[in-house]
Amino acid sequence: MEIVFGLVSFSIAIVFLVCLWRMLNWWAWFRPRKLQKILRQQGLKGTDYKFIFGDLKKISKSVEDAKSKPINLSDDISPRAFPFFIDAIQKNGENSFVWLGPDPLVFIKDPELVKNVFTNHTIFQKPPTNPLSKLLAQGLMFCEEDKWVKHRKIINPGFQMEKLKHMIPAFYLSCSEMLSEWEKNVGDQGLAELDVWPYLQQLASDVISRTAFGSSYEEGNKIFELQTEQVGYALEVLSSIYIPGWRFLPTKRNRRMKQIEKQVHASIKDIIDKRVKAMREGEASSDDLLGILLESNFEEIEQHGNKNFGMTTREVIEECKLFYLAGQETTSVLLVWTMVLLSMHQEWQARAREEVFKLFGKDRPDFDGLNRLKIVTMILNESLRLYPPVTLLRRLTKKQTEIGDITFPLGVQIAIPIVMYHYDEKIWGDDAKEFKPQRFSEGVSRVTKGQLAFLPFSGGPRICIGQNFAMLEAKMTMTMILQRFSFELSPSYTHAPTTIITLQPQFGAPLLLRKM
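Right, let's walk through the structure included here. (Residues numbered from 1 in each chain as written. Predicted model: local features only at pLDDT ≥ 70, side-chain atom pairs only at ≥ 80, totals over all residues. Heavy atoms only, no water.)

Focus: the overall build of the protein chain
Thinking step 1. Looking only at helices and strands, the protein chain features 20 helices and 12 strands.
Thinking step 2. The C-alpha radius of gyration computed for the protein chain amounts to 25 Å, which stays within 12% of the reference 24 Å derived for 516 residues, consistent with globular compactness.
Thinking step 3. Across its three principal axes, the protein chain shows a C-alpha extent of roughly 90 × 60 × 45 Å.
Thinking step 4. Residue burial in the protein chain is summarised as follows: out of 516 residues, 53% are buried.
Thinking step 5. Sequence separation of at least 24 residues holds for 74% of the intrachain contacts in the protein chain that already meet a minimum separation of 6.
Thinking step 6. Of the side-chain charges in the protein chain, 66 are positive and 60 negative, and the distance between the mean point of each set is 6 Å. (Helix = DSSP H or I, 4+ residues; strand = E, 2+ residues; numbered from the N terminus. Rg over C-alpha atoms; globule rule 2.2 N^0.38 Å. Buried < 20%, exposed > 50% of the residue type's maximum accessible area, 1.4 Å probe, protein only. Contact = heavy atoms within 4.5 Å. Lys, Arg positive; Asp, Glu negative; His and termini not counted. Charge placed at Lys NZ, Arg CZ, Asp CG, Glu CD.)

Here it is in structure tokens:
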């Protein structure tokens, strides 16, 4: 009997291994080579596929090499933002491809092709991520099709300008606290060197804590400290090849990521439960993002008489986690590069300060005044063009489709290199790599000639829902900084833009601050 059982077990194991090998062979060999053949037959050039890893090893090495060498202030940042991709495009042309493991990644730059990709967002969807990185957040940014439509509708009221107006006090309070710290550093001498980067990161976190959770701000800050730790682990995961089943192994990192996820989930759920109880007892909903989200969710469920039309508690928690991730990253990098650029171009710093004093003097900035800032808005847009928070966007074809003269089979990834797009002289002119805010003097549509060519917040129907939030926060912060300080680059500043989820200063941003 034992012999029979052993033979059966051995046979099952053999069958399993054969099936596993066939699946691996298809996924990592036959499928990639078939896709490579289809792309080459259409005239696309690219790197040769290498079993399982593709170009990942070379990509990783090129990033490390680029990070080891700072650049000059006037240099194109593209080779530092995604070095291997730049080399591949220069060698094989704009519509060329590389390999992210067994998946081909095809670059496109033509505005009409880009518009097609963004418009047809049900065909060109976000590529799947490593399951471990999903512990960071799974909100609107990662939803597709009907789920995305539902979440966008429910979340949208929180980011309408009328609602954002009520968040101005939170912006002001967070910024005041940061600038008080700067003033302490400057002291009686009126001049000090200060790395503003960590302060701007903390500012963005404080703003999100206050605007997301309102009176639960302190508890929100504790949650976001855990999320910051989770970001570090997620970056490690994303920089390595995904091995199916690896997330189930009890490694130190895996255990800690799951522990953080449980802590964050429990803390946000506690805040939500308290808020829901208060709302059911007749208390008015708060003007913070969580209150607006819960109210919008209740209205959607009540309107249809079915809870399936609303978001679950788990989904609300994921959206709260995403508020932090997207809000903190986007605004802090916009602010730091704006300060670096204004340090390099003192004439524009002077013009921006003149506009600020003309509108507000040294008084507290208000909502209407912030919306009348023309020069500051031009500067912020130019900063977003030269240093977009996200340097490259990827999409995955969910079915075979044709854009332009290219037929993309199912499973091909499309890449839009935003930095290269923003530096394209065919779109922006011969001065595309220069800091010239005046190009936005008549708005984005005029300078882009109606093309989908300015993509700091993505584009099309899935454009970032928080762009008005980020811009309003940035205007408030820059206004208050300009009211109190002048600034220039410190001799210790090293120009080294590097992509860590967003485009960040690798060695910080030490500036010389002078009290006004």
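The discussion continues.
Some remarks on the pairing of strand E12 (residues 510-515)
Thinking step 1. Of the strand pairs in this sheet, strand E4 (residues 191-195) and E12 are connected by 5 bridges, and their pairing is antiparallel. Note that in E12 the partner of leucine 191 across the bridge is arginine 514.
Thinking step 2. By the bridge criterion, 5 bridges tie strand E9 (residues 485-489) to E12 in an arrangement that is antiparallel. Looking at E12, one finds that leucine 489 is bridged to leucine 511. (Pairing = 2+ DSSP bridges.)

Structural notes on helix H14 (residues 346-360)
Thinking step 1. Look at H14: 21 Å from first C-alpha to last across 15 residues, which is about the 21 Å you get at 1.5 Å a residue.
Thinking step 2. Turning to H14, its buried residues number three or more, namely Trp348, Gln349, Ala352, Arg353, Glu355, Val356 and Phe360. Along the long axis of H14, the arc covered by the buried residues comes to 160°, so they all point the same way. Turned more than 90 degrees from where H14 packs its buried face, Glu354 and Lys358 sit exposed.
Thinking step 3. Close packing links the buried residues of H14 with helix H13 (313-344), helix H15 (367-371), helix H16 (375-386), helix H20 (467-484) and E9. (Expected span 1.5 Å × (residues − 1). Arc of directions from axis to C-beta.)

A few points about the sheet that holds strand E5 (residues 392-397)
Thinking step 1. Strand order in the open sheet made by the 5 strands is E1-E2-E8-E5-E3, with mixed pairing throughout. The two strands at the open ends of the sheet, each matched to only one other strand, are strand E1 (97-100) and strand E3 (124-125).
Thinking step 2. One ladder, built from 5 bridges, connects E5 with strand E8 (residues 413-417); its direction is antiparallel. When the sheet's bridge partners are listed, leucine 393 is paired in E8 with isoleucine 416.
Thinking step 3. Contacting E3, E5 and E8, helix H5 (residues 111-119) crosses the sheet at an angle of about 125° to E8. (Axes fitted to C-alpha atoms, helices over the stretch in contact; angles between N-to-C directions.)

Things to note about the environment of methionine 378
Thinking step 1. By the element assignment, methionine 378 lies in helix H16.
Thinking step 2. By relative accessible area, methionine 378 is classed as buried at 6%.
Thinking step 3. Along the backbone, methionine 378 and alanine 352 are 26 residues apart, and their C-alpha atoms lie at a distance of 9.6 Å.
Thinking step 4. With sequence-adjacent residues up to four places away left out, methionine 378 is seen in contact with Trp348, Pro437, Gln438, Phe440 and Ser441.

Remarks on the pattern of salt bridges
Thinking step 1. Evaluation of the coordinates by the stated rule reveals 30 salt bridges.
Thinking step 2. A salt bridge links lysine 433 to aspartate 76; the shortest N-O distance between them is 3.5 Å. A residue pair is termed long-range when its members are at least 10 positions apart, and lysine 433 in the loop between helix H18 (425-428) and helix H19 (444-448) and aspartate 76 in the loop between helix H2 (56-67) and helix H3 (78-81) qualify at 357 residues.
Thinking step 3. Taken together, the salt bridges that share partners define one network made up of Glu382, Arg385, Asp431, Glu434, Lys436 and Arg439. (Salt bridge = Lys/Arg side-chain N within 4 Å of Asp/Glu carboxyl O.)

Looking at the environment of asparagine 254
Thinking step 1. Turning to its location among the elements, asparagine 254 is positioned in helix H11 (residues 252-280).
Thinking step 2. Looking at asparagine 254, the relative accessible area reads 0%, which means it is buried.
Thinking step 3. Expressed as a C-alpha distance, the spacing of asparagine 254 and tyrosine 233, which sit 21 residues apart in the sequence, is 8.8 Å.

As for the packing of aromatic side chains
Thinking step 1. Applying the stated criterion to the full structure yields 13 aromatic pairs.
Thinking step 2. Relative to tryptophan 99, the ring of tyrosine 49 has its centre 4.9 Å away and its plane inclined at 55°; by these criteria the two rings are tilted. Of this pair, tyrosine 49 sits in the loop between helix H1 (2-41) and H2 while tryptophan 99 is found in strand E1, placing the two residues 50 residues apart along the sequence. Exposure class is identical for tyrosine 49 and tryptophan 99. Each is buried.
Thinking step 3. With 4.5 Å between their ring centres and 15° between their planes, tryptophan 337 and tyrosine 387 make a pair best called stacked. Placement of the pair is tryptophan 337 in helix H13 and tyrosine 387 in the loop between H16 and E5, with a sequence separation of 50 residues. Take tryptophan 337 and tyrosine 387: they sit in the same class, and that class is buried.
Thinking step 4. What links up through ring pairs into an aromatic cluster is the set Phe159, Phe171, Phe323 and Phe469.
Thinking step 5. In this arrangement the basic side chain of arginine 364 is found over the ring face of tyrosine 172, its NZ or CZ atom lying 4.0 Å from the centre.
Thinking step 6. Looking at arginine 385, its charged tip hangs above the ring of tryptophan 428, at a distance of 5.2 Å from the centre. (Phe/Tyr/Trp six-rings, centres within 6.5 Å; stacked < 30°, edge-to-face > 60°. Lys NZ or Arg CZ within 6 Å of the ring centre and 35° of its normal.)

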